Amino acid sequence: MTSPEQISAAPARPRTDAAPLLDVRGLGISFAGPDKRISVVRDVTFSVAPGECVGLVGESGCGKTVTGLALMGLLPVHGSRFEGQLLLDGEDLLTLSEAQWRKRRGRRLGMIFQEPMSALDPVFTIGEQIGETLRTHFRISRREARDRAIEALEAVGISEPVRRHDAYPHELSGGMRQRAMIAMAISCEPALLIADEPTTALDVTVQAQITDVLGELSARSGMAMLFISHDLGLVSQTCSRIVTMYAGEVVEMGETDDVLLKPRHPYTSGLLRSLPSFTQRKGRLPSIPGRVPRPGDFPETCRFQDRCAHSREGCLTRQHLLRVGEQRFSRCHRSEDLDLPGVLS
Amino acid sequence: MSTRNVSVRFPVGRGRVLTAVDDVSIEIRRGETFGLIGESGSGKSTIGRAIVCLERPSEGTILHDGRDPHALRASELRRHRRQYQIIFQDPNAALDPRMTILKSIREPLDVAGEGSRADRDQRARDLMNRVGLGEGFADLYPHQLSGGQKQRACIARALTVRPSLIVCDEAVAALDVSIQADILNLLAELQQEFGLTYLFITHNIGVVEHISDTIAVMYLGQIIEIAPADRLAEHFLHPYTQALLSAEPVALPSGMRPDHRIVLEGELPSPMDPPSGCRFRTRCRFATGICAAEAPKLRELAPGHRTACHHAETFRLDPNLKEGSQ
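It should be emphasised that the depicted structure is a prediction, and the values quoted were computed from it without experimental measurement. (Residues numbered from 1 in each chain as written. Chains lettered and ligands numbered in written order. Predicted model: local features only at pLDDT ≥ 70, side-chain atom pairs only at ≥ 80, totals over all residues. Heavy atoms only, no water.)

Draft legend 1. Local environment of the side chain of B:Glu39. Secondary-structure assignment places B:Glu39 in the loop between strand E3 (33-37) and helix H1 (44-51). In this structure the side chain of B:Glu39 is engaged in a polar contact, spanning 3.5 Å, whose partner is the side chain of B:Arg283. With near-sequence residues (within four places) excluded, B:Glu39 lies in contact with A:Asp203, A:Thr205, A:Val206, B:Lys44, B:Tyr219, B:Tyr240, B:Leu268 and B:Arg283. (Helix = DSSP H or I, 4+ residues; strand = E, 2+ residues; numbered from the N terminus. Polar contact = N/O pair within 3.5 Å; in protein donor to acceptor, adjacent residues only side chain to side chain. Contact = heavy atoms within 4.5 Å.)

This is the structure:
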């Protein structure tokens, strides 16, 4: 085990083997509040290699979605302030103009959301919406766009793609709409797909279908994915690495199996232990006391300190993301001393 | 509490009828937690609503302690149904945004006209403390509370009228895991303390296995399998239950996850026009001629374990099982 090495101040790259596709370095986001700036995300550092699927987990209000939106350049220009770097293929997205953003959004970066109904326009057919995306990024004819839209619908497992191409969103079921949204996102073959809770509103059987589709697409085209979810089961099944966020900070990172078996941050451990599958039937479920502080109320100490069973005096200072092993990071200065329970202990 | 051959139908215009619940007979014993799982559109919420008299069965009877609530006079029914409460998934929709938490919790007592105003306030405050909402929340409005706190308020409100049965319709579905664990613990404590019976409707198999004594699986308006909770996971006897269980993602390292997942093809058929015979046959890998010709009846294959599948005894022996989907 390597000695703890602080990576926040001088952002060392968490992965060293492959040049990352996405390299987020010390990302900070703050919004203009009524009387002061409110920092919602701070010092977020992680990377995604080409073709890799990385899971971003944490409870609501931990900054997962806002991080995803920042990666897509979808946060309001006025009022948002950014720090750090968002490197996609070495190019800092934070320095792009809106016109440059338009070239990349949808083309290099795709995003799918939890609620497909609000992401699809009800007055256009599915095919028209996919075609519009394609014709924005490629100089192709309408006929070609139609063919490629149908191909994309087929790729996501929509039966009768020709007929569905001309269907309106309300004519499709929830699972079909989610597939249609995925088809739109992948039609331009993005290098990175950001999937924000893509199956939360769906039944488990449909969820299994959708995650299979995403897995196949990633395997076939080498598309990388940032999978944002609060569902640890789903993330362990789909992602090779897990990044845990708490109160606007990355608190843990590592290979999925390693994080599940040996979490290195008390928050990740607490999340895993509160899943009902790991407690004897009818037994009392271990939960994490308290709740995630709101942005603006983040303490200057370790942000998890007041909910942590392992809190000591040394926890009353700001914590930095420490390297605690091969590709393993934790924002807890006690992680070397603690033997935190994972899913099997 | 039991239902006898209960069907609930809704007219959907042009003389067409949607059968949301079709000939369901279940028995829920006093003090037990009865889990009901199934996909959206399977009729699980409609059953729950019928049990608390929010929906009137088109056919069959609901028996509360051996009495049919719908045979009661309107005034008696009003008093009677207080014993049967329901908690919904979305506490935002269940709490009036213009009422303080205390008033929302007290409202059932106000309606019931029980005791003096001071007594009612006191009971509401006691219950707030009991569900872990300090009295400091009494004068707050719903928007000032988190999702978990709002759900606690809904639980306190359901308890005010001293119910014997509470239907929890996806009551923890919208909550983060840690909060979900808190609420499940609270529900378990309250069950002990007040001798409550729960009908727990959820799509989360991990949750339902954890808290239930008995689990019933619904598909397109019908119960297709029902078993003691500690039996179902290992000894399921219906291909749909198998698919549902295998689709549930578990947070286990790659080497320890179940080796295959059954991904069902297609979607739930329309309840307006269900398939003939066994309703699951259009998505079932084991379907044969008899499945289309004849609707399977629930058969008891082990003590307390009933299933509606023609091939219940044999499908798990099928060598194709290892291959994954159809």
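Following the structure, the description resumes.
Draft legend 2. Representation of the pattern of salt bridges. A complete count under the given rule lists 37 salt bridges over all chains for this structure. Between B:Glu189 and A:Arg284 there is a salt bridge; the shortest N-O distance is 2.8 Å. Of the two residues, B:Glu189 sits in helix H7 (residues 177-194) while A:Arg284 sits in the loop between helix H11 (266-273) and strand E11 (322-325), which places them in two different chains. With a relative accessible area of 29%, B:Glu189 lands in the partly exposed category. Owing to a relative accessible area of 57%, A:Arg284 belongs among the exposed residues under this scheme. B:Arg162 is the partner of B:Glu114 in a salt bridge, and the nearest nitrogen-oxygen pair spans 3.7 Å. Pair noted here: B:Glu114 is in the loop between helix H4 (101-112) and helix H5 (117-130) and B:Arg162 is in the loop between helix H6 (147-159) and strand E6 (165-169), with a separation of 48 residues, a long-range link. Overall, the relative accessible area of 33% leaves B:Glu114 in the partly exposed class. What you see here is one network of salt bridges that share partners, running through A:Arg42, A:Asp43, A:Glu249, A:Glu300, A:Arg303 and A:Arg331. (Salt bridge = Lys/Arg side-chain N within 4 Å of Asp/Glu carboxyl O. Buried < 20%, exposed > 50% of the residue type's maximum accessible area, 1.4 Å probe, protein only.)

Draft legend 3. How the structure looks around the packing of aromatic side chains. Inspection of every chain in the model, using the stated rule, returns seven aromatic pairs over all chains. Between B:Tyr219 and B:Phe280, the aromatic rings sit 5.1 Å apart at their centres with planes inclined by 85 degrees, giving edge-to-face as the arrangement. Of the two residues, B:Tyr219 is situated in strand E8 (residues 214-219) and B:Phe280 in the loop between helix H10 (239-247) and helix H11 (289-293); the sequence distance between them amounts to 61 residues. Residue B:Tyr219 shares its accessibility class with B:Phe280, and that shared class is buried. Feature note: the residues A:Tyr246, A:Tyr267 and A:Phe304 constitute an aromatic cluster, connected by ring pairs. Cation over ring: A:Arg148 sits above A:Phe138, and NZ or CZ is 4.6 Å from the ring centre. Over the ring of B:Phe236 we find B:Arg316, and its NZ or CZ is 3.7 Å from the ring centre. (Phe/Tyr/Trp six-rings, centres within 6.5 Å; stacked < 30°, edge-to-face > 60°. Lys NZ or Arg CZ within 6 Å of the ring centre and 35° of its normal.)

Draft legend 4. Here's a closer look at the nonpolar core. Counting 101 residues, the largest nonpolar core has A:Phe46, A:Ile194, A:Leu226 and A:Phe227 as its most contacted members. Among the elements that line this core, the one with the most residues is helix H7 (residues 174-186) of chain A, at eight residues. Among the nonpolar cores identified, the runner-up in size contains 36 residues, and B:Ala153, B:Cys154, B:Tyr198 and B:Phe200 belong to it. (Core = buried A, V, L, I, M, F, W, Y, C linked by side-chain atoms within 4.5 Å.)

Draft legend 5. Local environment of the sheet that holds strand E4 (residues 59-63) of chain B. All names here are of chain B. Pairing in this open sheet of three strands is antiparallel, and the strands run E2-E1-E4 from one edge to the other. Of all strands in the sheet, those bounded by a partner on one side alone are strand E2 (17-27) and E4. Strand after strand, the sheet turns through a mean of 30 degrees between neighbouring axes, direction not considered. Pairing analysis gives four bridges linking strand E1 (residues 2-11) to E4, with the strands arranged antiparallel. Residue pairing for E4: arginine 4 is matched across the bridge by threonine 61. Here H1 sits on the sheet in contact with E1, E2 and E4, set at roughly 65 degrees to E2. (Pairing = 2+ DSSP bridges. Axes fitted to C-alpha atoms, helices over the stretch in contact; angles between N-to-C directions.)

Draft legend 6. Looking closely at the confidence of the model for chain B. For chain B, mean pLDDT is 92; residues scoring 70 or higher make up 97% of the total. Within the model, the stretch residues 322-326 of chain B combines pLDDT values under 50 with 10 contacts to residues more than four positions away or in other chains. (pLDDT = per-residue confidence, 0-100.)

Draft legend 7. Looking closely at the packing of H4(B) against H6(B). Residue and element names in this part refer to chain B. For the pair H4 and H6, the least separation of the axes is 7 Å and the interaxial angle reads 30 degrees. One finds that H4 runs roughly parallel with respect to H6. Remark: the crossing between H4 and H6 carries right-handed chirality. Contact residues: H4 offers Ile101, Ser104, Ile105 and Pro108, while H6 offers Ala153, Ala156 and Arg157. Among the residues making up the contact of H4 with H6, the classes are represented as five nonpolar, one polar and one charged. (Parallel < 35°, antiparallel > 145°, perpendicular 65-115°, else oblique. Left-handed = near helix turned anticlockwise from the far one by under 90°. Nonpolar A, V, L, I, M, F, W, Y, C, P; charged D, E, K, R; others polar.)

Draft legend 8. Spotlight on the UniProt feature "domain: ABC transporter" (unreviewed entry) in chain B. On the UniProt side, "domain: ABC transporter" (unreviewed entry) is annotated at positions that read residues 1-245 of chain B here. With 40% helix and 24% strand, residues 1-245 of chain B has its two end C-alpha atoms placed 27 Å apart. (UniProt positions renumbered as here; feature names shortened; annotations may be inferred.)

Draft legend 9. Just the sheet that holds E8(B), in detail. All names here are of chain B. With respect to topology, eight strands assemble into an open sheet ordered E5-E6-E7-E3-E8-E9-E11-E10, the strand pairing being mixed. A single partner strand is all that each edge strand has here, and the edge strands are strand E5 (84-87) and strand E10 (299-302). The mean angle between the axes of side-by-side strands here comes to 25 degrees, regardless of whether they run parallel or antiparallel. Looking at chain direction, E8 and strand E9 (residues 222-228) are connected through six bridges and run antiparallel. Bridging across to E9, threonine 214 finds its partner in proline 228. Each of E3, E6 and strand E7 (197-201) is contacted by H7, which is oriented at about 155 degrees to E7, the strand it contacts most. Against the sheet, H10 contacts E3, E8 and E9, and its axis sits at roughly 105 degrees relative to E8.

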